[in-house]
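Commentary on secondary and tertiary structure
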Amino acid sequence: MKKEISGKEISRRDFVKGTAAGALGMAAASIFGGTAIALAEESGTYKPGTYSATAQGIGTVTVTMTFDAESITDVQVDVSEETPNIGGIYGEDLAKMILEAQGSEIDTISGATTTTSAASKAAAACIAQAKGETVEISANQASEDYEVPAELTKEEVEGSACELGAITPDEVKEFDVVVVGAGAAGVPAAGFAAEAGAKVALLQKEASVVSQGNCGSAIIKSRSTEAGVMKWVHHTNGLDDWRADPKLLKAYADHSEEALMWYLNRAGLTKETEYGDGSKVDSNENCSELLNNGKGLFAYMSTSQDLTGVWSDRMDSYYYGDDHCYFMAPWIGPKPQNVGNVLQEVLNNVSAKCSNLEVFYSTPAVQLVKDGDKVTGVIAKDSDGKYIQFNAAKGVILATGDYMNNDAMVARWCPDVADFDKKQYHKTGDGHVMALSAGAKMEPLGHTKMMHDFDSGQMYEEPFLYLNMDGERFTNEYTGFVYMGNVLKFQRGYNGANVDANHPDGSKGWYCTIYDSDYVNWPQDEFVSRMVPPEGMQKYIPGAVEKPEGVFENLIDSYCCDTLEELAEKLDIPADALKASVDRYNELCEAKDDVDFGKPAKYMHPIKTAPFWGVRKHIRVSSIDSGVMTNENGQALNKDGEVIDGLYCVGNLGGPFYGGNDYPFHQTGLSLGRCYTFGMLAGKHAAAK
């Protein structure tokens, strides 16, 4: 995969070899390690000209500097590969800091440590070039010659952070368990293994813990019947199109309560003695009171539920009868804080008590180490480009997340999401590539995707009028939001806010929900039960509330207007098309007969009463939830279904827990709950070996 950097195409392989974006651009040895390069004092005479160099941040950071004989006259910092809304927003700030400092020593920008460090290193390399110093490249780098592993293509490998050629490490460290990835599966894996007494290394590609979402859930067995739990397994597998391994579903049902309670306890959200059987922290009424760590993290709502009688959504139903399966689902934050903030607190607290747990940030794993068929360790690359081999006497646990940002993998394994924007960044399938290179077997097509939008407005699947970006009605609005991504594949793309870097000219997934101020008087049922009053939606209108709390400000996209024409302008929809669609819809509402799309008559409400409401929805990819074949301990399996000794794959890298085309939405928080649970199971199993 190639990206445009400062006018010259360079691949990840070129970067590994030290090629910079510029005629004289070469990376300083401090970036790659292994070569001593003494930079002269930065106050000397420069050779006038423009020089470029790159350094490893979250992605590649490129610095281009112009010099006259005695000073730095211009600085450009390209941070386009850094995390959007974090390091990716500080290019101009970093350039200004370097120019004002007239050197590479600059203050660290809070929250963008890795990006700042990379810019500083690249600036130092530019200065070295301008002084006429020789910049040597370390000979210690991955060989370009390697055999592409089975089930992978070279494009997929190059789209990841992996380096599969021969590497001689600069340093070797010894551990019992090595966990790769500090997220919803990796933090529990490392924490449980460390608390069991294993010497643990946790390697993280990013500069901090990273996860998304706000709700992780667990089945509370003390409030469930045995048959009810097994009916949940059966029900879930049905929603998975019968492609899940029931043993994995049963493992989640049996162990998720322990995993969730550990997570809450280690985050300081409840005391271990308070929950015992889970009875004190799973009530929708008192959840927010009990789950509060006093540091700004708390449960702001709960969607816990007792599955009993008849469960149904808009497409399916399932009969639990007199049995019960109770799941606890606290939503912790509040936004814009998410599970990543909570997991960082968990990791900090566990690390403070467990000296046998060592965390290595900004250190992506690039290659597994094997002894015959056994996985014995990982080679990773630190922020200075030094290769470190982490030996793992008991096992390597890969918890690297999905592959949504690896274009080649998406095109082959989950093409449905190729034209949609992504909610995450740097999820390049690193664990998938490493596991498959060790002989693991990928889940068969098609892979499960999760796509939704909870952030542009308060309500997300009420059966209002839905219009595409041409102002045309395009679907039966009784369709659940879980499936809207499938419907929108057939609608044109749109270039709105928050467009993924891979879709600068627009993306799929945009539509508008239209309704009038009479919506608060609609009859409510199980599918129309959360009609938020107008005053509750103010913080979702851009600019209506100063410093709105509990939202991602850059995602809100709701509007309230006195006329349909004004609403159309706000939503960027042709006014004549919107008006024609509303007129036609009102005709159908009056007739109580939707001959155009077949929506149930009881949900047909005309749009006549001002002010008028519109929400521009943006369906993006939350996660791709399929990975390599594993057993109920999280151990990776080969093509014959045999355990690969020493290798575990958990979270969205593990499976087959789902298997259907779409993520099942019968239990809020199942995705994160699954990650916590299988991280725990793998950590325990590896530590006990």
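Overview of the overall build of the protein
For the protein, the count of helices and strands is 17 helices and 26 strands. Within the protein, the fraction of its 689 residues that count as buried is 59%. With the model as given, the accessible surface of the protein reaches about 26,300 Å², and the carbon-plus-sulfur share is 49%.

Some words on the confidence of the model for the protein
Where the model shows low pLDDT, its predicted coordinates should not be examined in detail. Per-residue pLDDT for the protein averages 88, and the proportion of residues at 70 or more is 89%. Segment residues 273–280: pLDDT under 50, and 16 contacts once partners within four positions in sequence are set aside and those in other chains are kept.

Structural notes on the packing of helix H8 (residues 246–266) against helix H17 (residues 670–687)
The N-to-C vectors of H8 and H17 enclose an angle of 90°; their axes lie 8 Å apart at closest approach. Relative to H17, H8 is oriented roughly perpendicular. When H8 is examined against H17, the residues Leu248, Ala251, Tyr252, His255, Ser256, Glu258, Ala259, Leu260 and Tyr263 are found in contact with a partner set consisting of Leu670, Gly673, Arg674, Tyr676, Thr677, Phe678, Met680, Leu681 and Lys684. Its residues placed into classes, the contact of H8 with H17 shows eleven nonpolar, four polar and three charged.

Comments concerning the nonpolar core
In this structure, Val200, Trp232, Tyr263, Leu264, Leu357, Ile397 and Phe657 are the most contacted members of the largest nonpolar core, which totals 77 residues. If one sorts the elements of this core by residue count, H8 sits on top with eleven residues. With 62 residues, the next largest nonpolar core counts Val378, Val417, Met442 and Ile644 among its residues.

Some points on the pattern of salt bridges
Where side chains of opposite charge bring their charged atoms close, a pairing between them can arise. Applying the stated criterion to the full structure yields 31 salt bridges. A salt bridge links Lys231 to Asp323; the shortest N-O distance between them is 3.0 Å. Here Lys231, found in helix H7 (residues 226–239), pairs with Asp323, found in strand S11 (residues 317–328); they are 92 residues apart in sequence, far enough to count as distant. In this structure Lys231 comes out as partly exposed when scored by relative accessible area, which is 24%.

Quick word on the pairing of strand S4 (residues 60–67)
Working note: regular strand, side chains alternate between the two faces of the sheet. Counting buried positions along S4 gives seven out of eight residues, so the element sits mostly inside the fold. Alignment of strand S3 (residues 49–56) against S4, held across eight bridges, turns out to be antiparallel. Along S4, the bridge assignment pairs Gly49 with Phe67. A loop of three residues connects S3 with S4, the two strands running antiparallel in sequence. Where S4 meets strand S5 (residues 72–78), six bridges bridge the pair, whose relative direction is antiparallel. Residue Thr66 lies in a different strand from S5, and its bridge partner there is Asp74. The hairpin formed by S4 and S5 contains four residues between the paired strands.

Observations regarding the sheet that holds S11
Strands sit in the order S8-S11-S10 across an open sheet of three strands; the sheet is antiparallel. Taken across any chain shown, the strands that pair with only one partner, and hence form the sheet edges, are strand S8 (218–219) and strand S10 (305–312). Taken together, the seven bridges between S10 and S11 define a ladder with antiparallel strand orientation. When the sheet's bridge partners are listed, Gly309 is paired in S11 with Gly321. With respect to the sheet, H7 is in contact with S8, S10 and S11, its orientation differing from that of S11 by roughly 105°.

Quick look at the packing of aromatic side chains
Applying the stated criterion across every chain yields a total of 29 aromatic pairs. Between Phe464 and Tyr515 the ring centres are 3.8 Å apart and the planes differ by 15°, which places this aromatic pair in the stacked class. Of this pair, Phe464 sits in the loop between strand S17 (449–452) and strand S18 (465–467) while Tyr515 sits in strand S19 (residues 510–516), and the two are 51 residues apart along the sequence. With a relative accessible area of 3%, Phe464 lands in the buried category. With a relative accessible area of 3%, Tyr515 lands in the buried category. For the pair Tyr515 and Tyr519, a centre-to-centre distance of 5.2 Å together with 75° between the ring planes defines the contact as edge-to-face. An identical accessibility class is assigned to Tyr515 and Tyr519; each is buried. Among the aromatic residues, ring-to-ring pairing joins Trp232, Tyr252, Trp331, Phe454, Tyr460, Phe481, Phe657, Tyr658, Tyr663, Phe665 and Phe678 into one connected group. It is Lys199 that lies over the ring of Phe175; its NZ or CZ is 5.1 Å from the centre. Just above the ring of Tyr326 sits the side chain of Arg223; from NZ or CZ to the centre is 5.5 Å.

Section: the side chain of Glu163
Inspection of the secondary structure puts Glu163 in the loop between helix H5 (154–158) and strand S6 (171–180). Given the relative accessible area of 3%, Glu163 is considered buried. Engagement of the side chain of Glu163 in a polar contact is seen with the side chain of Tyr387, the distance being 2.6 Å.

Conventions adopted
- Residues numbered from 1 in each chain as written.
- Predicted model: local features only at pLDDT ≥ 70, side-chain atom pairs only at ≥ 80, totals over all residues.
- Heavy atoms only, no water.
- Helix = DSSP H or I, 4+ residues; strand = E, 2+ residues; numbered from the N terminus.
- Buried < 20%, exposed > 50% of the residue type's maximum accessible area, 1.4 Å probe, protein only.
- Areas by Shrake-Rupley, 256 points an atom, 1.4 Å probe, with all protein chains shown as cover.
- pLDDT = per-residue confidence, 0-100.
- Contact = heavy atoms within 4.5 Å.
- Axes fitted to C-alpha atoms, helices over the stretch in contact; angles between N-to-C directions.
- Parallel < 35°, antiparallel > 145°, perpendicular 65-115°, else oblique.
- Nonpolar A, V, L, I, M, F, W, Y, C, P; charged D, E, K, R; others polar.
- Core = buried A, V, L, I, M, F, W, Y, C linked by side-chain atoms within 4.5 Å.
- Salt bridge = Lys/Arg side-chain N within 4 Å of Asp/Glu carboxyl O.
- Pairing = 2+ DSSP bridges.
- Phe/Tyr/Trp six-rings, centres within 6.5 Å; stacked < 30°, edge-to-face > 60°.
- Lys NZ or Arg CZ within 6 Å of the ring centre and 35° of its normal.
- Polar contact = N/O pair within 3.5 Å; in protein donor to acceptor, adjacent residues only side chain to side chain.

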